[in-house]
Amino acid sequence: MSHTNELQLIENGGWDERILVCGNGRLVKTFIIVTQRFVLLVDTVINPQTAGQMLAYAEPYLADGRQLLVINTHADYDHCWGNQLFAGETAVHPTPIIGSHRSPALFEQDEAKLYLTKMQELEPEIFNDVVFTPPTLLIHDKFVIDGGDLTVELLPTPGHTEDHYSLFLPEIKTVLAADAAEMPYPVARVPEGLPQMRESLAKLAALPAETVLYCHAPVTAGRHLLLDNIAYFNAIEAQCRAALAQGMSPEVSEDADVVSLVDCAYETAVPNTEQWHNIHDYYKTAGHASQIRVMLQWLATQ
């Protein structure tokens, strides 16, 4: 995937006007929440350039005593590689960066450092200026920000990553799901993350939300995407359980067609609508297969 340094405001589609939605191409959406007391940047996109554009969109609201706060939903590159604008030696607008206590260790992993090096080699004009900068205000459980007119509840929703947080704004019945839910599905990277991710989806679906906004789904996806994501994993669980009951091994070689082995084509696990089928082929093939493999491995431990 090629990346862009451009960040665009997305036209309000009916959500509360105190939430601004920013899009970095087709890669990711981030959010700005304007309250009486604070202006909250929810994630910092892919580099200091995109984070700078996000800050520029926020600056007109930094009036009447409002303070800037930054939130990291998790430590994936498209959500936090602009952090250096707000902390450390390169900061141009120093402010607390709120994130999970598990996030700093993820920045230190060899895998993360190698990924940054790889991205800098592939797209130096996008990633050469990135300096790893973990969050500075570390939270363990639910964390609440009293914005005066709006309450912002940071809710642990692990699974996609171990450090993942979503947001709930009860006064306006709005959820910012981040990567806990996606179109067509969020990704569990390891077997132990799968039950956590499904629990997180259930937690978000149980909230009294009327509006749900996502980082990786159409703005118009709506609250029902949470239920569709739940149904997707229920569908592949049922097929994987049946395959295991018939003697299939949970450890399937990488070159095997695991989708056919468990008889769970992508088309049978998702709603039969154009929106669900007009997606990148990866999610129908390799991505779908990866979630089946994770499900098989998790079920084998039960």
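Residues numbered from 1 in each chain as written. Predicted model: local features only at pLDDT ≥ 70, side-chain atom pairs only at ≥ 80, totals over all residues. Heavy atoms only, no water.

Enquirer: I tried to follow the sheet that holds strand β11 (residues 174-178) on my own but got confused; where do I start?
Expert: Backbone-to-backbone hydrogen bonds join strands into a sheet, with any given pair of strands oriented parallel or antiparallel. Taken together, five strands build an open sheet; the order of strands is β8-β9-β10-β11-β12 and the sheet is mixed. Each of the sheet's edge strands pairs with one partner strand only, and the pair in question is β8 (143-146) and β12 (211-214). In this sheet, neighbouring strand axes are inclined to one another by 20° on average, regardless of whether the strands run parallel or antiparallel. (Pairing = 2+ DSSP bridges. Helix = DSSP H or I, 4+ residues; strand = E, 2+ residues; numbered from the N terminus. Axes fitted to C-alpha atoms, helices over the stretch in contact; angles between N-to-C directions.)

Enquirer: Would you explain the side chain of Thr-35 in this entry?
Expert: As for its position among the elements, Thr-35 is in the loop between β3 (28-34) and β4 (38-42). Thr-35 sits in the buried class, given a relative accessible area of 2%. Among the polar contacts listed, one links the side chain of Thr-35 to the backbone oxygen of Gly-147, at a separation of 3.3 Å. Excluding its chain neighbours within four sequence positions, the residues that come into contact with Thr-35 are Arg-66, Gly-147, Asp-149 and Leu-150. (Buried < 20%, exposed > 50% of the residue type's maximum accessible area, 1.4 Å probe, protein only. Polar contact = N/O pair within 3.5 Å; in protein donor to acceptor, adjacent residues only side chain to side chain. Contact = heavy atoms within 4.5 Å.)

Enquirer: Just checking my understanding: could you explain the pairing of β11 for this structure?
Expert: Residues in a regular strand point their side chains to alternate faces of the sheet. The element β11 is extensively covered by neighbouring structure, given that five of its five residues are classed as buried. Residues Thr-174, Leu-176 and Ala-178 point to one face of β11 and Val-175 and Ala-177 to the other, with burial holding for every one of them. Note: strand β10 (residues 165-169) against β11, three bridges, orientation antiparallel. By the bridge assignment for β11, Leu-169 is matched with Thr-174. Here β10 folds back onto β11, and the loop between the two strands holds four residues, one of which, Lys-173, carries a positive phi near 50°. Here β11 pairs with β12 via four bridges, running parallel. Residue pairing for β12: Leu-176 is matched across the bridge by Leu-213.

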